[in-house]
Amino acid sequence: MDIRLSTIGMEKGRQYETIITTKNEDGTKNAAPIGVLCAGETKIINRIFKGSHTLDNIVREKEFIVNITHDPELFKTSILGNLPQSHFNDNMSIKCADAYFKCEAISFTEAVKQSDPIKKKDEAIVFKSEVTDLVINKPTQAMNRGFGYVIESLTNLTRFDLVDDAKKEEYMTHFKEAYRVVKKVGRKEDIKAMREIKKELMKRGFDL
Ligand SMILES: Cc1cc2nc3c(=O)[nH]c(=O)nc-3n(C[C@H](O)[C@H](O)[C@H](O)COP(=O)(O)O)c2cc1C
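Residues numbered from 1 in each chain as written. Predicted model: local features only at pLDDT ≥ 70, side-chain atom pairs only at ≥ 80, totals over all residues.

## Details of the packing of helix α4 (residues 165-185) against helix α5 (residues 188-203)
The geometry of α4 relative to α5 is characterised by a closest axis approach of 9 Å and an angle of 150 degrees between their N-to-C directions. The angle between the axes of α4 and α5 places the two elements in the roughly antiparallel class. α5 is crossed by α4, and the crossing has left-handed handedness. Across the interface between the two elements, Phe175, Tyr179, Val182 and Lys183 of α4 pack against Asp190, Ile191, Met194, Lys198 and Leu201 of α5. Its residues placed into classes, the contact of α4 with α5 shows six nonpolar, no polar and three charged. (Axes fitted to C-alpha atoms, helices over the stretch in contact; angles between N-to-C directions. Helix = DSSP H or I, 4+ residues; strand = E, 2+ residues; numbered from the N terminus. Parallel < 35°, antiparallel > 145°, perpendicular 65-115°, else oblique. Left-handed = near helix turned anticlockwise from the far one by under 90°. Contact = placed C-beta atoms within 7 Å. Nonpolar A, V, L, I, M, F, W, Y, C, P; charged D, E, K, R; others polar.)

Put into C-alpha coordinates, the structure is as follows:
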(Lines give C-alpha, C1' and ligand atoms only; values in the text may rest on other atoms or scores of the structure.)
Protein backbone atom coordinates (compact mmCIF):
# COMPACT_ATOMS: atom_id res chain seq x y z
CA MET A 1 0.00 0.00 0.00
CA ASP A 2 1.42 3.39 -1.02
CA ILE A 3 1.06 5.66 2.02
CA ARG A 4 2.92 8.92 1.50
CA LEU A 5 1.49 12.15 2.86
CA SER A 6 3.56 14.04 0.29
CA THR A 7 1.14 12.72 -2.38
CA ILE A 8 -1.48 15.06 -0.89
CA GLY A 9 1.00 17.94 -0.62
CA MET A 10 1.93 17.51 3.04
CA GLU A 11 5.50 18.50 3.96
CA LYS A 12 7.25 17.41 7.12
CA GLY A 13 7.17 20.17 9.74
CA ARG A 14 4.20 22.06 8.28
CA GLN A 15 0.66 22.27 9.59
CA TYR A 16 -2.49 21.68 7.57
CA GLU A 17 -6.16 22.39 8.32
CA THR A 18 -8.29 19.28 8.09
CA ILE A 19 -11.52 17.80 9.36
CA ILE A 20 -10.99 14.95 11.77
CA THR A 21 -13.76 12.40 12.11
CA THR A 22 -14.10 10.11 15.10
CA LYS A 23 -16.55 7.65 16.62
CA ASN A 24 -18.63 8.86 19.59
CA GLU A 25 -19.28 6.59 22.56
CA ASP A 26 -22.85 5.90 21.27
CA GLY A 27 -21.52 4.80 17.87
CA THR A 28 -22.46 7.98 15.98
CA LYS A 29 -19.79 9.91 14.08
CA ASN A 30 -18.30 13.29 14.92
CA ALA A 31 -16.50 15.81 12.72
CA ALA A 32 -14.33 18.76 13.81
CA PRO A 33 -11.80 20.99 12.03
CA ILE A 34 -8.37 20.24 13.49
CA GLY A 35 -4.82 21.27 12.56
CA VAL A 36 -2.51 18.41 11.61
CA LEU A 37 1.27 18.71 11.80
CA CYS A 38 3.00 16.51 9.26
CA ALA A 39 5.81 14.64 11.04
CA GLY A 40 6.92 12.45 8.10
CA GLU A 41 5.40 10.42 5.26
CA THR A 42 3.32 8.27 7.65
CA LYS A 43 3.35 10.25 10.89
CA ILE A 44 1.32 13.18 12.17
CA ILE A 45 1.07 15.18 15.39
CA ASN A 46 -2.05 16.86 16.81
CA ARG A 47 -2.60 19.21 19.70
CA ILE A 48 -6.22 19.10 20.84
CA PHE A 49 -7.77 21.00 23.72
CA LYS A 50 -9.34 19.04 26.52
CA GLY A 51 -13.14 19.04 26.55
CA SER A 52 -13.59 18.40 22.83
CA HIS A 53 -15.46 15.32 21.61
CA THR A 54 -12.63 14.68 19.17
CA LEU A 55 -10.01 14.34 21.91
CA ASP A 56 -12.25 12.16 24.11
CA ASN A 57 -13.02 9.90 21.14
CA ILE A 58 -9.39 9.56 20.09
CA VAL A 59 -8.19 8.83 23.63
CA ARG A 60 -10.88 6.12 23.93
CA GLU A 61 -10.81 4.59 20.41
CA LYS A 62 -7.19 5.41 19.35
CA GLU A 63 -8.40 5.42 15.72
CA PHE A 64 -9.55 8.40 13.69
CA ILE A 65 -9.79 9.73 10.14
CA VAL A 66 -8.19 12.89 8.76
CA ASN A 67 -10.28 14.28 5.88
CA ILE A 68 -8.77 16.60 3.27
CA THR A 69 -11.22 19.14 1.89
CA HIS A 70 -11.37 22.75 0.72
CA ASP A 71 -15.14 22.99 1.23
CA PRO A 72 -15.93 25.95 3.56
CA GLU A 73 -19.41 24.53 4.17
CA LEU A 74 -17.93 21.40 5.74
CA PHE A 75 -15.63 23.43 8.00
CA LYS A 76 -18.46 25.80 8.95
CA THR A 77 -21.04 23.10 9.66
CA SER A 78 -18.60 21.09 11.79
CA ILE A 79 -18.01 24.17 13.97
CA LEU A 80 -21.43 25.83 14.10
CA GLY A 81 -23.48 22.63 14.27
CA ASN A 82 -23.04 18.93 13.69
CA LEU A 83 -22.24 17.37 10.37
CA PRO A 84 -25.32 15.16 9.60
CA GLN A 85 -24.66 11.41 9.87
CA SER A 86 -25.64 11.05 6.19
CA HIS A 87 -22.37 12.85 5.27
CA PHE A 88 -20.22 10.01 6.65
CA ASN A 89 -19.13 6.73 5.10
CA ASP A 90 -19.31 3.60 7.28
CA ASN A 91 -15.54 3.86 7.86
CA MET A 92 -16.05 7.39 9.37
CA SER A 93 -14.58 9.29 6.42
CA ILE A 94 -16.57 12.17 4.94
CA LYS A 95 -18.28 11.20 1.67
CA CYS A 96 -17.26 14.27 -0.32
CA ALA A 97 -13.69 14.60 1.04
CA ASP A 98 -11.00 15.00 -1.65
CA ALA A 99 -8.89 12.48 0.24
CA TYR A 100 -8.68 10.96 3.68
CA PHE A 101 -6.25 9.00 5.79
CA LYS A 102 -6.76 6.63 8.66
CA CYS A 103 -4.67 7.12 11.80
CA GLU A 104 -3.80 5.20 14.90
CA ALA A 105 -2.73 7.27 17.92
CA ILE A 106 0.49 5.89 19.37
CA SER A 107 1.51 8.29 22.17
CA PHE A 108 -0.14 11.02 24.23
CA THR A 109 1.52 13.81 26.25
CA GLU A 110 0.32 16.93 28.08
CA ALA A 111 0.96 20.00 25.91
CA VAL A 112 3.42 22.68 26.94
CA LYS A 113 3.73 25.29 24.26
CA GLN A 114 4.53 28.97 24.44
CA SER A 115 4.46 30.15 20.85
CA ASP A 116 0.80 31.00 20.46
CA PRO A 117 -1.75 33.26 22.15
CA ILE A 118 -3.70 30.44 23.82
CA LYS A 119 -3.40 31.02 27.56
CA LYS A 120 -4.34 27.65 29.03
CA LYS A 121 -1.28 25.73 27.85
CA ASP A 122 -1.85 22.76 30.13
CA GLU A 123 -5.34 22.09 28.86
CA ALA A 124 -4.35 20.37 25.65
CA ILE A 125 -2.98 16.98 24.75
CA VAL A 126 -0.36 16.47 22.07
CA PHE A 127 -0.36 13.10 20.42
CA LYS A 128 1.51 11.33 17.68
CA SER A 129 -0.20 8.98 15.23
CA GLU A 130 0.76 6.52 12.55
CA VAL A 131 -1.02 6.76 9.19
CA THR A 132 -2.35 3.28 8.36
CA ASP A 133 -4.27 3.94 5.13
CA LEU A 134 -4.56 6.75 2.57
CA VAL A 135 -7.41 7.11 0.07
CA ILE A 136 -7.29 9.80 -2.64
CA ASN A 137 -10.70 10.42 -4.24
CA LYS A 138 -9.39 13.21 -6.47
CA PRO A 139 -6.02 14.97 -6.89
CA THR A 140 -5.71 17.45 -4.03
CA GLN A 141 -3.37 19.33 -1.74
CA ALA A 142 -4.00 19.51 2.00
CA MET A 143 -5.11 22.98 3.09
CA ASN A 144 -2.38 25.23 4.47
CA ARG A 145 -3.30 28.63 5.92
CA GLY A 146 -0.03 30.29 4.88
CA PHE A 147 -0.90 31.29 1.33
CA GLY A 148 -4.05 33.17 2.37
CA TYR A 149 -1.96 35.28 4.75
CA VAL A 150 0.60 36.00 2.01
CA ILE A 151 -2.13 37.22 -0.35
CA GLU A 152 -3.77 39.33 2.35
CA SER A 153 -0.43 40.86 3.42
CA LEU A 154 0.38 41.68 -0.21
CA THR A 155 -3.05 43.23 -0.72
CA ASN A 156 -2.58 45.42 2.36
CA LEU A 157 0.93 46.35 1.18
CA THR A 158 -0.49 47.77 -2.05
CA ARG A 159 -2.90 49.91 0.01
CA PHE A 160 -0.42 51.32 2.52
CA ASP A 161 0.11 54.55 0.57
CA LEU A 162 -3.63 55.07 0.17
CA VAL A 163 -4.78 54.89 3.80
CA ASP A 164 -4.56 57.07 6.94
CA ASP A 165 -2.26 56.42 9.92
CA ALA A 166 -4.88 54.56 11.95
CA LYS A 167 -5.47 52.13 9.09
CA LYS A 168 -1.68 51.73 8.58
CA GLU A 169 -1.39 50.80 12.28
CA GLU A 170 -4.18 48.24 11.81
CA TYR A 171 -2.38 46.74 8.80
CA MET A 172 0.87 46.50 10.80
CA THR A 173 -0.86 44.69 13.68
CA HIS A 174 -2.41 42.38 11.14
CA PHE A 175 0.92 41.79 9.39
CA LYS A 176 2.69 40.91 12.66
CA GLU A 177 0.05 38.28 13.45
CA ALA A 178 0.14 36.98 9.86
CA TYR A 179 3.96 36.70 10.02
CA ARG A 180 3.77 34.80 13.33
CA VAL A 181 1.24 32.31 11.93
CA VAL A 182 3.00 31.78 8.60
CA LYS A 183 6.36 31.16 10.35
CA LYS A 184 4.58 28.56 12.48
CA VAL A 185 2.44 26.75 9.92
CA GLY A 186 3.30 27.98 6.42
CA ARG A 187 5.12 26.26 3.60
CA LYS A 188 8.67 27.42 2.92
CA GLU A 189 7.53 29.43 -0.13
CA ASP A 190 4.98 31.28 2.06
CA ILE A 191 7.57 32.00 4.76
CA LYS A 192 10.00 33.31 2.11
CA ALA A 193 7.32 35.62 0.65
CA MET A 194 6.42 36.95 4.12
CA ARG A 195 10.12 37.70 4.83
CA GLU A 196 10.28 39.73 1.61
CA ILE A 197 7.11 41.64 2.56
CA LYS A 198 8.59 42.33 6.01
CA LYS A 199 11.80 43.66 4.39
CA GLU A 200 9.74 45.92 2.13
CA LEU A 201 7.74 47.28 5.07
CA MET A 202 10.97 47.97 6.99
CA LYS A 203 12.41 49.72 3.93
CA ARG A 204 9.33 51.95 3.98
CA GLY A 205 10.14 52.88 7.59
CA PHE A 206 7.82 50.62 9.53
CA ASP A 207 9.11 49.23 12.79
CA LEU A 208 8.98 45.42 12.80
C1 LIG B 1 -9.44 25.48 10.87
C2 LIG B 1 -9.59 25.07 12.32
C3 LIG B 1 -8.56 24.36 12.93
C4 LIG B 1 -8.67 23.96 14.26
N5 LIG B 1 -7.65 23.26 14.83
C6 LIG B 1 -7.76 22.84 16.12
C7 LIG B 1 -6.70 22.11 16.72
O8 LIG B 1 -5.66 21.82 16.10
N9 LIG B 1 -6.87 21.73 18.02
C10 LIG B 1 -8.00 22.01 18.73
O11 LIG B 1 -8.08 21.63 19.92
N12 LIG B 1 -9.02 22.70 18.17
C13 LIG B 1 -8.94 23.12 16.90
N14 LIG B 1 -9.96 23.81 16.31
C15 LIG B 1 -11.18 24.06 17.10
C16 LIG B 1 -12.11 22.83 17.10
O17 LIG B 1 -12.50 22.50 15.78
C18 LIG B 1 -13.37 23.18 17.92
O19 LIG B 1 -13.01 23.34 19.27
C20 LIG B 1 -14.49 22.16 17.75
O21 LIG B 1 -15.66 22.73 18.27
C22 LIG B 1 -14.24 20.85 18.46
O23 LIG B 1 -15.36 20.03 18.18
P24 LIG B 1 -15.66 18.63 18.89
O25 LIG B 1 -16.06 18.93 20.33
O26 LIG B 1 -16.78 18.05 18.09
O27 LIG B 1 -14.42 17.82 18.86
C28 LIG B 1 -9.86 24.26 15.01
C29 LIG B 1 -10.88 24.98 14.38
C30 LIG B 1 -10.74 25.40 13.06
C31 LIG B 1 -11.87 26.17 12.42
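## As for the sheet that holds strand β6 (residues 124-136)
Taken together, the six strands give a closed barrel; going around it, the order is β1-β2-β3-β6-β5-β4, and neighbouring strands pair in antiparallel fashion. Averaged over neighbouring strand pairs, the angle between their axes works out to 45 degrees when direction is ignored. Across three bridges, the pairing between strand β1 (residues 15-23) and strand β4 (residues 63-68) is antiparallel. By the bridge assignment for β4, Ile20 is matched with Val66. Each of β1, β2 (29-40), β3 (43-49), β4, β5 (99-110) and β6 touches helix α1 (residues 53-61); the most contacted strand, β1, lies at about 65 degrees to it. Across the sheet, helix α2 (residues 72-80) touches β1 and β2, and the angle it forms with β2 is around 120 degrees. (Pairing = 2+ DSSP bridges.)

## Side note on α4
Look at α4: 30 Å from first C-alpha to last across 21 residues, which is about the 30 Å you get at 1.5 Å a residue. Within α4 the residues assigned to the buried category are Tyr171, Phe175, Ala178, Tyr179, Val182 and Val185. Buried residues of α4, viewed axially, fall in a sector of 150 degrees; they line one side. Residues Asp165, Ala166, Glu169, Thr173, Lys176 and Glu177 are exposed on α4 and point more than 90 degrees away from its buried face. The inward-facing, buried residues of α4 contact β1, α3 (146-159) and α5. (Expected span 1.5 Å × (residues − 1). Buried ≥ 20, exposed ≤ 12 C-beta atoms within 10 Å, placed from the backbone. Arc of directions from axis to C-beta.)

## Quick notes on the environment of Ala32
Its location among the elements puts Ala32 in strand β2. Given 20 C-beta atoms within 10 Å, Ala32 falls into the buried group. For the pair formed by Ala32 and Ile20, sequence separation is twelve residues and the distance between their alpha carbons is 5.5 Å. The residues contacting Ala32, other than those within four sequence positions of it, are Ile19, Ile20, Ser52, His53, Thr54 and Ser78.

## Focus: the pairing of β2
As paired elements, β1 and β2 share nine bridges and run antiparallel to each other. Following the sheet pairing, Thr22 is matched in β2 by Asn30. In this structure, the hairpin formed by β1 and β2 is closed by a connection of five residues, where Gly27 is found at a positive phi of approximately 95 degrees. In this structure, β2 lies alongside β3, joined through three bridges in antiparallel fashion. Paired with Gly40 across the two strands is Lys43, which belongs to β3. Connecting the antiparallel pair β2 and β3 is a turn made up of two residues.

Note that all results are geometric; they support no functional claim without further evidence.
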